[in-house]
Amino acid sequence: STEEASASVEEMAANVKQNAENASQTEAIARQSAKDAEASGIAAGQAGEAMQTIPQKTTILPGIPRQAYLLAVNAAVDAGRADEHCRGGRGVPLDVRKLARCTEAGPAHLAHVP
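Residues numbered from 1 in each chain as written. Predicted model: local features only at pLDDT ≥ 70, side-chain atom pairs only at ≥ 80, totals over all residues. Heavy atoms only, no water.

Chemist: I keep staring at the overall build of the protein and nothing clicks. Help me out?
Modeler: In terms of helices and strands, the protein carries three helices and zero strands. Secondary structure elements in the protein, listed N-terminal to C-terminal, are α-α-α. Here the protein holds 114 residues, and the buried ones make up 9% of them. (Helix = DSSP H or I, 4+ residues; strand = E, 2+ residues; numbered from the N terminus. Buried < 20%, exposed > 50% of the residue type's maximum accessible area, 1.4 Å probe, protein only.)

Chemist: Would you mind going over the pattern of salt bridges with me for this structure?
Modeler: Close approach of charged atoms allows side chains of opposite charge to pair. This structure, assessed with the given rule, holds one salt bridge. Across the pair Glu 27 and Arg 31 runs a salt bridge whose closest N-O atoms are separated by 2.6 Å. Of this pair, Glu 27 and Arg 31 both sit in helix α1 (residues 2-58), four residues apart, which is roughly one turn of the helix. A residue is classified by how much of its surface remains accessible, and Glu 27, at 40% relative accessible area, is partly exposed. Exposure remark for Arg 31: the relative accessible area of 54% places this residue in the exposed category. (Salt bridge = Lys/Arg side-chain N within 4 Å of Asp/Glu carboxyl O.)

Chemist: Got a minute to help me understand a nonpolar patch on the surface in this structure?
Modeler: A surface patch of nonpolar side chains, amounting to about 340 Å² of accessible area, comprises Tyr 69, Leu 70, Val 73 and Val 77. Note on placement: Val 73 falls in helix α2 (residues 63-81). (Patch = residues over 30% accessible without salt bridge, like charges linked within 9 Å, V, L, I, M, F, W, Y side chains within 5 Å. Areas by Shrake-Rupley, 256 points an atom, 1.4 Å probe, with all protein chains shown as cover.)

Chemist: Sorry if this is basic, but what is going on with the confidence of the model for the protein here?
Modeler: Looking at the protein as a whole, the pLDDT averages 78, with 68% of positions reaching at least 70. Across the protein, α1 holds the top mean pLDDT of 91, while helix α3 (residues 91-111) sits lowest at 62. (pLDDT = per-residue confidence, 0-100.)

See the structure below:
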């Protein structure tokens, strides 16, 4: 009958409209997913670059205790050369040597960090 055919056509039109809306929403989600994936890729690249610079920057750390020790030796020599009025400076070499000993463990610990 004509009424049944008309109802079927209306139902098909409603289904087509719903499918078009679903397709539009799916497209929007896909576009956002692509943007998010691109941003994630950029962030991952930046993280990778930063991770590559860490070993370069930590190579200076092992030299710090040696430099502190040399400062202690120089301070001890200078204190030894000073006259009797300069007794207050004799504690400086000890403090710098303590600093050198304390900083020795740091670079060794960092060398084992993956």
